[in-house]
Amino acid sequence: MKIEFVAAKAEPTAATALAVLAFEGGEFSPAAEALDSQLGGALKRAIAATRFKGQMGQTVPILAPAGVAAGRVVVVGAGKQAAFDARGAETAGAHAYNAVKDTGAERLLLMMPPAGPERQAHAAFGVRLAAYRFDKYRTTEKPEKKPSVTRVEIACDEPKAAAKAFKALDGLADAIAFARDLVSEPANVLYPAEYAARVSELSKLGLEIEVLGVKEMTRLGMGALLGVGQGSRRESQLVVMQWKGGKKDAAPVAFVGKGVCFDTGGISLKPPEGMEEMITDMAGSAAVAGAMYALAARKAKVNAVGILGLVENMPDGNAQRPGDVVKTMSGQTVEVINTDAEGRLVLADAVWYCQDRFKPRFMIDLATLTGAIVVALGKEIAGFYCTDEGLAGTLEAASKASGDPIWRMPLMAEYDKMIDSHVADMKNTGGRPGGSITAAMFIKRFTNGLAWAHIDMAGTAWKQSSTVPTIPSGATGFGVRLLDQLVRDAYEG
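Residues numbered from 1 in each chain as written. Predicted model: local features only at pLDDT ≥ 70, side-chain atom pairs only at ≥ 80, totals over all residues. Heavy atoms only, no water.

Caption draft 1: Molecular detail of the pattern of salt bridges. Evaluated as defined, the whole model comprises 28 salt bridges. A salt bridge links Glu 4 to Lys 2; the shortest N-O distance between them is 3.8 Å. Between Glu 342 and Lys 258 there is a salt bridge, with the nearest N and O atoms lying 3.3 Å from each other. Residue Glu 342 is located in the loop between strand E12 (333–335) and helix H10 (343–358), and its partner Lys 258 is located in strand E9 (residues 253–263); the two are separated by 84 residues in the primary sequence. (Salt bridge = Lys/Arg side-chain N within 4 Å of Asp/Glu carboxyl O. Helix = DSSP H or I, 4+ residues; strand = E, 2+ residues; numbered from the N terminus.)

This is the structure:
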């Protein structure tokens, strides 16, 4: 899709869907007022015949109106005018695109109010996020089933300034699309080695990337991560991504992602129903890869490290068994109670490796870790745990600014006792009660006292039917914006 910023006087054609904004309380944007006058009051008459109140996301279409060359005009609700900020512009842009994408219109001309280049850029960003499609494997889809809009023009008062403001957002949209693509890929295509190869291509952005295989991880003593992958014919990998945009000796920020490319549950086999969704069990690592992409794309002035633990959890004759004891890189031992509690085993070694090698300022891990967090919070918000109040506050602020919602969960010593083992230093599950909390307590034992946060995003990585205009159904790219915003707020504000 081609997105451009054009002067406010841009003219539509018959193949154009012309979108204007209206706000709650009957307020029109200047462009909407001018268009309504040009059409002899047709916009307000059409609105009066509907339940349109100007609320965000409401739309009123008018087909082939007399007095303008556009084949279609759409009035898009943008909420309260006083609250119309950059996020509001982003949401309105997404709604405008979604309202016309399947109508046959080839061009969307969105008339923005004179609200400043940042908001105009965010309107384009909203369109980019809404327009994402993973159609790589569709070979028989009829043309009329595909979105018809291939060109979007944002008409505004400062097109050059808006285009400049959009540059960084365009790179962020690329990063989110990269993460969504990774999560959407089937496991027969995206296995650990292929995943590592795709991430390695990001070196063209200036990222330094290393890939550790089984031999290297064996020498490092990563018995927990390797135990998860030993039942697969696909070799496990650990990908190390570095962005060096800060001062030479400054400690980096660090992100660690769970990358289980497919999770059968291992010997503790999952039920067949819904198992196909386990291609998404690497979404935490995709968020980390996407965030590192975003930092490199905008040349962020920070040193950052991304660690991806990539495995398959398969149940062959060499798979680890319930009751096995594995030794982690930290030297601590783990009794494997349930082989389907595998993500925390991957993170145990990846987190320890990260803090041991890079000595970061703080460390955040992201993982589709537990069904328990979905039971607690549903599929609209991720749970997070944190050992540092400053980091927790920064994360919460970044969540609000980015739109990736998180909710803080408790870390209490009583839950830590639930993972004590009779035969090893710990066991990998404390049972069903408080399952997300005990999983977090498990990972905490490998953070070595570092400021750390854990984000359990099991419910937010994939939407069967999305109600968020900037997130089409399927892979969400959750976490990319959150981490990027965190860096902006903490180190570039």
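Structure's up, so let's keep going.
Caption draft 2: Region of interest: helix H12 (residues 389–402). Between the first and last C-alpha of H12 there are 20 Å, a value that for 14 residues agrees with the 20 Å anticipated at 1.5 Å per step. Inspection of H12 places Leu 391, Ala 392, Leu 395, Ala 398, Ser 399 and Ser 402 among the buried residues, and these make up the whole buried set. End-on view of H12: buried residues confined to an arc of 130°, all on one side of the axis. More than 90 degrees from the buried face of H12, the exposed residues found are Glu 389 and Lys 400. Elements that come into contact with the buried residues of H12 comprise helix H3 (86–100), strand E13 (363–367), strand E14 (382–386), strand E15 (406–408), strand E17 (452–456) and helix H15 (480–491). With a side-chain oxygen positioned 3.1 Å from the backbone nitrogen of Gly 390, the residue opening H12 is Asp 388. Directly after H12, the chain includes Gly 403, whose backbone phi takes a positive value near 90°. (Expected span 1.5 Å × (residues − 1). Buried < 20%, exposed > 50% of the residue type's maximum accessible area, 1.4 Å probe, protein only. Arc of directions from axis to C-beta. Contact = heavy atoms within 4.5 Å. Polar contact = N/O pair within 3.5 Å; in protein donor to acceptor, adjacent residues only side chain to side chain.)

Caption draft 3: A look at the side chain of Gln 237. Mapped onto the elements, Gln 237 comes out in strand E8 (residues 237–244). Beyond its immediate stretch of four places on either side in the chain, Gln 237 contacts Pro 192, Ala 193, Ala 196, Val 211, Leu 212, Gly 213, Met 217, Leu 308, Gly 309 and Leu 310.

Caption draft 4: Structural view of the packing of helix H4 (residues 117–130) against helix H5 (residues 159–184). Where H4 contacts H5, the two axes come as close as 8 Å, and the packing angle between them is 25°. Our classification of the angle between H4 and H5 gives roughly parallel. Our pair here, H4 against H5, has a crossing hand that is right-handed. Where H4 abuts H5, its residues Pro 117, Glu 118, Gln 120, Ala 121, His 122, Ala 124, Phe 125, Arg 128 and Leu 129 lie against Ala 161, Ala 162, Ala 165, Phe 166, Leu 169, Asp 170, Leu 172, Ala 173, Asp 174, Ile 176 and Arg 180. Along the lines of polarity and charge, the residues of the contact of H4 with H5 split into 13 nonpolar, two polar and five charged. (Axes fitted to C-alpha atoms, helices over the stretch in contact; angles between N-to-C directions. Parallel < 35°, antiparallel > 145°, perpendicular 65-115°, else oblique. Left-handed = near helix turned anticlockwise from the far one by under 90°. Nonpolar A, V, L, I, M, F, W, Y, C, P; charged D, E, K, R; others polar.)

Caption draft 5: Broad picture of the sheet that holds E17. The sheet built from eight strands is open, its strands ordered E7-E8-E10-E9-E13-E17-E14-E15 with mixed pairing. Two strands lie at the open edges of the sheet, namely strand E7 (208–212) and E15, each paired on one side alone. The mean angle between the axes of side-by-side strands here comes to 20°, regardless of whether they run parallel or antiparallel. Bridge analysis of E8 against strand E10 (residues 303–313) gives eight bridges, and the strand direction is antiparallel. Pairing of Lys 244 across the sheet is with Asn 303, part of E10. The sheet strands contacting helix H6 (residues 192–200) are E7, E8, E9 and E10, and the helix crosses E10 at an angle near 160°. In this fold helix H14 (residues 435–444) packs onto E13, E14 and E17, with an angle of close to 145° to the strand it touches most, E17. (Pairing = 2+ DSSP bridges.)

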